[in-house]
Amino acid sequence: MEDVKSPCIQICRADSNGVCFGCRRTNEEIGDWSLYTNEQKKEVLDKASKRRNAPDTQSGGFFR
């Protein structure tokens, strides 16, 4: 079975809640991605697809 690919689109900046503007994963989800099983990755993708970025981005930061 092929590994679930990362949803990263190289827009690596977090909003004030620590959610990436590009892939909408949290810092923890991004950091642990390689440790997740395919089932866990699918769960993260499902959660990320339902997230919206916070309007207040003043305290957000860059991941890279």
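Per an unreviewed UniProt entry, the chain goes by DUF1289 domain-containing protein and derives from Ancylomarina salipaludis.

Along the chain, the position of Glu 29 falls in helix 1 (residues 27–32). Among the polar contacts listed, one links the side chain of Glu 29 to the backbone nitrogen of Thr 26, at a separation of 2.9 Å. Residues contacting Glu 29, with those up to four places away along its chain left out, are Tyr 36, Val 44, Lys 47 and Arg 51.

The subject of this paragraph is the environment of Val 4. Residue position: Val 4 is located in the segment before helix 1. Residues Val 4 and Thr 37, spaced 33 residues apart in sequence, show a C-alpha to C-alpha distance of 8.7 Å. The residues touching Val 4, leaving out its near neighbours within four places in the chain, are Trp 33, Asn 38, Lys 41, Lys 42 and Leu 45.

Along the chain, the position of Arg 51 falls in the segment after helix 2 (38–50). At 2.9 Å, the side chain of Arg 51 forms a polar contact with the backbone oxygen of Arg 24. A polar contact is formed between the side chain of Arg 51 and the side chain of Glu 29, at a distance of 2.8 Å. Beyond its immediate sequence surroundings of up to four residues, Arg 51 is in contact with Val 19, Arg 24, Arg 25, Thr 26 and Glu 29.

As a further point, take the packing of aromatic side chains. Per the stated rule, a full pass over the model turns up one aromatic pair. Pairing Trp 33 with Tyr 36 gives two aromatic rings, centres 6.4 Å apart and planes at 75°, and the pair type is edge-to-face. The residues Trp 33 and Tyr 36 share a single accessibility class, namely buried. Between Arg 25 and the ring centre of Trp 33, over which it is positioned, the NZ or CZ distance is 4.9 Å.

Inspection of the entire model under this criterion finds four salt bridges. Between Arg 51 and Glu 29 there is a salt bridge, with its nearest N and O atoms 2.8 Å apart. Taken as a pair, Arg 51 in the segment after helix 2 and Glu 29 in helix 1 lie far apart in primary sequence, 22 residues in all. Glu 29 matches Arg 51 in its accessibility class, with the two residues each being buried. Of the charged contacts, one joins Asp 46 and Lys 50 as a salt bridge, the two residues approaching to 3.2 Å between their closest N and O atoms.

Reading guide: rules and limits
Residues numbered from 1 in each chain as written. Predicted model: local features only at pLDDT ≥ 70, side-chain atom pairs only at ≥ 80, totals over all residues. Heavy atoms only, no water. Helix = DSSP H or I, 4+ residues; strand = E, 2+ residues; numbered from the N terminus. Polar contact = N/O pair within 3.5 Å; in protein donor to acceptor, adjacent residues only side chain to side chain. Contact = heavy atoms within 4.5 Å. Phe/Tyr/Trp six-rings, centres within 6.5 Å; stacked < 30°, edge-to-face > 60°. Buried < 20%, exposed > 50% of the residue type's maximum accessible area, 1.4 Å probe, protein only. Lys NZ or Arg CZ within 6 Å of the ring centre and 35° of its normal. Salt bridge = Lys/Arg side-chain N within 4 Å of Asp/Glu carboxyl O.

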